[in-house]
Amino acid sequence: MKLVYPACFYPNESGGYTVIVPDLLGCVTEGDNFAEAFEMAVDAASGWILTSLEDGEDLPKASDLGCVKADEYENGLVSLIVLDMDSYAEKYGRKAVRKNCTIPAWLNTKAEAAHINFSAVLQEALQKKLAIE
């Protein structure tokens, strides 16, 4: 699913830009230059939308580009950003991903007898290996 939302870009004193996505309440980010700010806007908006989708919430309708004015701050400009939600969800979503792995039969027998949750053990081991808390 691809979505398009308008974003307002405001230059700041350091040469970077602050970005507000007006249709996504509280979706604000910034970048050191316009290109970085644009990437950050796509990432922030994608995260906002993914959270809403995973929480089962309705998505806000995108405003028409002509209706959005970047006059909240001086020298603002409006641009459309495109969100590739399938790609973003694949990379960052909480949706479970099925993995196939192979272990010796004797180890499987012992683990099943001990009522081991294979998915939980794999998740814990991966988090430990990747130093994720």
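The structure contained in this document is the topic of the report that follows. (Residues numbered from 1 in each chain as written. Predicted model: local features only at pLDDT ≥ 70, side-chain atom pairs only at ≥ 80, totals over all residues. Heavy atoms only, no water.)

1. What to know about the sheet that holds strand S3 (residues 28-31)
Heads up, the rule is: For two strands to be treated as a pair, DSSP must find at least two bridges joining them. We count a stretch as a helix when DSSP gives it H or I for four or more residues in a row; a strand needs E for two or more, and each element gets its number in order from the N terminus. Axis definition: a line fitted to C-alpha atoms, limited for helices to the stretch in contact. Angles are taken between N-to-C directions and run from 0 to 180 degrees. Residue contacts are defined here by distance: any two heavy atoms, one from each residue, within 4.5 Å place the two residues in contact.
With respect to topology, four strands assemble into an open sheet ordered S3-S2-S1-S4, the strand pairing being antiparallel. Looking at strand neighbours, the two that pair on one side only are S3 and strand S4 (77-84), the edges of this open sheet. The mean inter-strand angle of the sheet, taken between neighbouring strand axes irrespective of direction, is 35°. Sheet topology places strand S1 (residues 2-11) next to strand S2 (residues 17-20); four bridges connect them, and they run antiparallel. Within the sheet, the bridge partner assigned to proline 11 lies in S2 and is tyrosine 17. Against the sheet, helix H2 (residues 85-92) makes contact with S1 and S4, and its axis sits at roughly 65° relative to S4, the strand it touches most.

2. Overview of the packing of aromatic side chains
Going by this rule: When two rings of Phe, Tyr or Trp (its six-membered ring) have centres within 6.5 Å they constitute a pair, described as stacked for plane angles under 30 degrees, edge-to-face for angles over 60, and tilted for the intermediate range. For the exposure calls, accessible area comes from a 1.4 Å probe over protein chains only, and a residue counts as buried if that area is under 20% of its type's maximum, exposed if over 50%, partly exposed in between.
Under the definition given, this model contains five aromatic pairs. With 6.3 Å between their ring centres and 40° between their planes, phenylalanine 34 and phenylalanine 38 make a pair best called tilted. Taken together, the residues span about one helical turn, with phenylalanine 34 and phenylalanine 38 both in helix H1 (residues 34-54) at a distance of four residues. Phenylalanine 34 sits in the partly exposed class, given a relative accessible area of 32%. Ring pairs connect the aromatic residues Phe9, Tyr17, Phe34 and Phe38, which therefore count as one cluster.

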